[in-house]
Amino acid sequence: MKIVKKIKTIDTYPVRHLVLRKGKPIESCSFTGDDEETTIHLGVFYKEKIIGIASLFKIDNASFKESNQFQLRGMAVLDEFRKEGIGTLLINEAEKICKSNSSDLLWFNARESAVPFYLKLNFKTFGTKFEINGIGPHYVMYKNI
Ligand SMILES: CC(C)(COP(=O)(O)OP(=O)(O)OC[C@H]1O[C@@H](n2cnc3c(N)ncnc32)[C@H](O)[C@@H]1OP(=O)(O)O)[C@@H](O)C(=O)NCCC(=O)NCCS
């Protein structure tokens, strides 16, 4: 059985490193705002091991008019557990948390390769493709909650 729980910043590092910062120094797994009181880190556990992660940051994107936004960052599922619904589980939980915090918009910078995954979950792209240095092409994506 796979369970989503809130986890500490440091517990996101193994999956962040393997999936999102492969070959980069471990320090690259630290994100600005990770330890803010309003930041929430989620982990999916399978047999006591964290196999998927996502983090919610209380950050507004000025392109959107909504006044209570969350930014999703650090979304990752270990390679061997993909396409089993873990990513969906994390997004569903993130949306629940947004709702319970009276947030009206969830947004993020999506890797181009992950855009079809988010489209399936009814997120929309905003604007044009842009480059994040050292990581690759991205789109801003969002959903009204
Ligand atoms: C993107 C990611 C988080 C998706 O996680 P996942 O656990 O595989 O997602 P799910 O199993 O919940 O997939 C839900 C649906 O999206 C589809 N899907 C998942 N990833 C996809 C992709 N990259 N391209 C197209 N479809 C995808 C699944 O097949 C599934 O479709 P279905 O409902 O028709 O069966 C995962 O592939 C990942 O960690 N990728 C590498 C890191 C990354 O890109 N993170 C996002 C940064 S913005």
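Since we're looking at a predicted model, the values are computed, not measured. Numbering of residues starts from 1 in every chain and runs along the sequence as written. Local features in this predicted model are restricted to residues whose pLDDT is 70 or higher, and side-chain atom pairs enter the listing and the counts only when it is 80 or higher, whereas totals over whole chains, interfaces and linings include all residues. Water and hydrogen atoms play no part in the side-chain values, which are based on all heavy atoms of the structure.

(A) Main features of the UniProt feature "domain: N-acetyltransferase" (unreviewed entry) in the protein. UniProt positions are given in the numbering used here, feature names are shortened, and annotations may be inferred rather than shown by experiment. Within this structure's numbering, the places UniProt gives as "domain: N-acetyltransferase" (unreviewed entry) are residues 2-145. Here a strand is any run of E in DSSP of at least two residues, a helix any run of H or I of at least four, and the numbering for each starts at the N terminus. Helix makes up 23% of residues 2-145 and strand 38%, and the two end C-alpha atoms of the span are 25 Å apart.

(B) Broad picture of the pattern of salt bridges. Should a side-chain nitrogen of Lys or Arg be within 4 Å of a carboxyl oxygen of Asp or Glu, the pair is scored as a salt bridge. Throughout the structure, instances matching the rule amount to 7 salt bridges. Glu 66 is the partner of Lys 65 in a salt bridge, and the nearest nitrogen-oxygen pair spans 3.5 Å. Exposed residues in this analysis have more than 50% of their type's maximum accessible area, buried residues have under 20%, and partly exposed residues fall in between, with area computed by a 1.4 Å probe over protein chains only. For Glu 66, a relative accessible area of 14% puts it in the buried group. Close ionic contact of Lys 129 with Glu 112 constitutes a salt bridge, the shortest N to O distance being 3.1 Å.

(C) Quick peek at the nonpolar core. If you look at the biggest cluster of nonpolar residues, it comprises 33 residues, and the most contacted ones within it are Leu 56, Leu 72, Leu 90, Leu 106, Tyr 118 and Phe 123. Contributing elements (two or more residues each) for this core: helix 1 (9-20), strand 2 (40-46), strand 3 (49-57), strand 4 (69-77), helix 2 (86-100), strand 5 (105-111) and helix 3 (115-120). Among the elements that take part in this core, helix 2 stands out by supplying 6 residues, more than any other. Residues are treated as being in contact if the distance between any of their heavy atoms lies within 4.5 Å. Contact partners of Leu 72, with chain neighbours within four places excluded, come to Ala 54, Ser 55, Leu 56, Ile 91, Ala 94, Leu 106, Trp 107, Phe 108 and Tyr 118. Put simply, buried Ala, Val, Leu, Ile, Met, Phe, Trp, Tyr and Cys residues joined by side-chain atoms within 4.5 Å make one nonpolar core. Listed in part, the 5 residues of the second largest apolar core include Phe 64, Leu 105, Trp 107 and Tyr 142.

(D) Region of interest: the sheet that holds strand 4. Here the rule is simple: two strands pair whenever DSSP picks up at least two bridges between them. Taken together, the 7 strands give an open sheet; going across it, the order is 1-2-3-4-5-7-6, and neighbouring strands pair in mixed fashion. The outermost strands of the open sheet, each flanked by one partner alone, are strand 1 (3-7) and strand 6 (124-132). Between one strand axis and the next, the sheet turns by 25 degrees as a mean value, whatever way the strands run. One ladder, built from 5 bridges, connects strand 3 with strand 4; its direction is antiparallel. Among the inter-strand pairings, Leu 56 is bridged to a residue of strand 4, identified as Leu 72. Lines fitted to the C-alpha atoms define the axes, with helices restricted to the stretch that makes contact. Angles between their N-to-C directions range from 0 to 180 degrees. Against the sheet, helix 1 contacts strand 1, strand 2, strand 3, strand 4 and strand 5, and its axis sits at roughly 105 degrees relative to strand 3. Against the sheet, helix 2 contacts strand 1, strand 2, strand 3, strand 4, strand 5 and strand 7 (136-144), and its axis sits at roughly 160 degrees relative to strand 4.

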